[in-house]
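Close look at the chain arrangement
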Amino acid sequence: MPLASALSASLPSWLLDELDDLPAVLSTAEDRMDLVNALADRNWREGSGGPFAAIVVDTATGALVSAGVNVVLASGLSSMHAEVTTLSLAQTALGRWDLGAGGADLELVVNWRPCVMCYGSTMWSGVRSLVVAGEGPLLEEITGFDEGPVVADWAEQFESRGIRVSIGTRHDEAVAVFRAYGDSDSIVYNARGAVE
Ligand SMILES: [Zn+2]
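Calculation notes
- Residues numbered from 1 in each chain as written.
- Predicted model: local features only at pLDDT ≥ 70, side-chain atom pairs only at ≥ 80, totals over all residues.
- Heavy atoms only, no water.
- Pairing = 2+ DSSP bridges.
- Helix = DSSP H or I, 4+ residues; strand = E, 2+ residues; numbered from the N terminus.
- Axes fitted to C-alpha atoms, helices over the stretch in contact; angles between N-to-C directions.
- Contact = heavy atoms within 4.5 Å.
- Salt bridge = Lys/Arg side-chain N within 4 Å of Asp/Glu carboxyl O.
- Buried < 20%, exposed > 50% of the residue type's maximum accessible area, 1.4 Å probe, protein only.
- Donors = N, O, S within 2.8 Å, 3.2 Å for Na, K, Ca; no water.
- Expected span 1.5 Å × (residues − 1).
- Phe/Tyr/Trp six-rings, centres within 6.5 Å; stacked < 30°, edge-to-face > 60°.

Spatially, five strands are ordered β2-β1-β3-β4-β5 in an open sheet, and the strand pairing comes out mixed. Every other strand in the sheet has two partners, leaving β2 (64–69) and β5 (164–167) as the edge strands with one partner each. Within the sheet, the average angular offset between the axes of one strand and its neighbour, ignoring direction, is 15°. Across the face of the sheet, helix α2 (residues 29–46) comes into contact with β1 (53–58), β2, β3 (106–110) and β4 (129–132) while running at roughly 150° to β1. Helix-sheet contacts for helix α4 (residues 82–94) involve β1, β2 and β3, and the interaxial angle to β2 is about 145°.

Considering all chains together, one arrives at six salt bridges under this definition. When the shortest N-O distance is used, the salt bridge between Arg 170 and Asp 34 registers 2.6 Å. A residue pair is termed long-range when its members are at least 10 positions apart, and Arg 170 in the loop between β5 and α8 (171–182) and Asp 34 in helix α2 qualify at 136 residues. We classify Asp 34 as partly exposed; its relative accessible area is 34%. Ionic pairing is found between Arg 164 and Asp 105, a salt bridge with its closest N-O pair at 3.1 Å.

Protein coordination at the zinc ion: the donors are His 81 (ND1), Cys 115 (SG) and Cys 118 (SG), at 2.1 to 2.3 Å from the metal. Within one chain, the residues donating to the zinc ion are spaced in sequence as H-x33-C-x2-C. In this pair, His 81 is assigned in the loop between α3 (72–75) and α4 and Cys 115 in the loop between β3 and α5 (116–125), connecting sequence segments 34 residues apart. Of the two residues examined, His 81 and Cys 115, each falls in the buried class.

Let us look at α2. For α2, spanning 18 residues, the distance from its first C-alpha to its last is 26 Å, which sits close to the expected 26 Å at 1.5 Å a residue. Within α2 the residues assigned to the buried category are Arg 32, Met 33, Leu 35, Val 36, Asn 37, Leu 39, Ala 40, Asp 41, Asn 43 and Trp 44. Of the surrounding elements, those touching the buried residues of α2 are α1 (13–18), β1, β2, β3, β4 and α8. Phi turns positive one or two residues past the end of α2, at Gly 47, with a value near 80°.

Per the counting criterion, the structure on display carries five aromatic pairs. Taking the centre distance of 5.7 Å and the plane angle of 45° together, the rings of Phe 52 and Phe 178 count as tilted. Residue Phe 52 is found in the loop between α2 and β1, and its partner Phe 178 is found in helix α8; the two are separated by 126 residues along the sequence. Each member of the pair, Phe 52 as well as Phe 178, is classed as buried. Taken together, a centroid distance of 4.9 Å and an interplanar angle of 80° make the contact between Tyr 119 and Phe 158 edge-to-face. Here Phe 158 lies in helix α7 (residues 154–160) and Tyr 119 lies in helix α5, a separation of 39 residues in the sequence. Phe 158 carries the same exposure label as Tyr 119, and that label is buried. Through a chain of ring-to-ring contacts, three or more aromatic side chains come together here, namely Phe 52, Trp 112 and Phe 178.

Purely geometric stuff here, so don't read any function into it on its own.
As structure tokens, this is what we get:
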């Protein structure tokens, strides 16, 4: 079998169709999380991946820099969680690996605390701010996803690296998306079980 020489992932077609219609500016944390929750809910219903979405915005202006969803199933790549997809799209759009270069103050908004993989991806991305709808074991209890061994002081570790953390925006709305997913018969696709 020849060795692979490149990798690629794409947003699902339903989101590509909506990309030009997403709001150019999202002024408040609630506006931003409302979009994230809506994309997350649509993503699992469309069968593109898990009930997760994220956006990157410019903190100062609210300008939308990128929007993404979990595309693990569609891409066949286990790392394509919403955070990795969205951060990579922002880096692609801006043409640089460091989203904080030149004093840029970019924010990642996601509908739960990042899993252990996305924790590192967020930390290395150059974003200066992280906004999540919630944290803790509730997500795993509802959906069956394994978030991995995230450290207890995960938020403090971000803060100590100059990345601000905000927890709790639109919490109940995020949980409602997870409950709808958990009540469905969708595939939980982590690598250690439950995949059919
Ligand atoms: Zn993740």
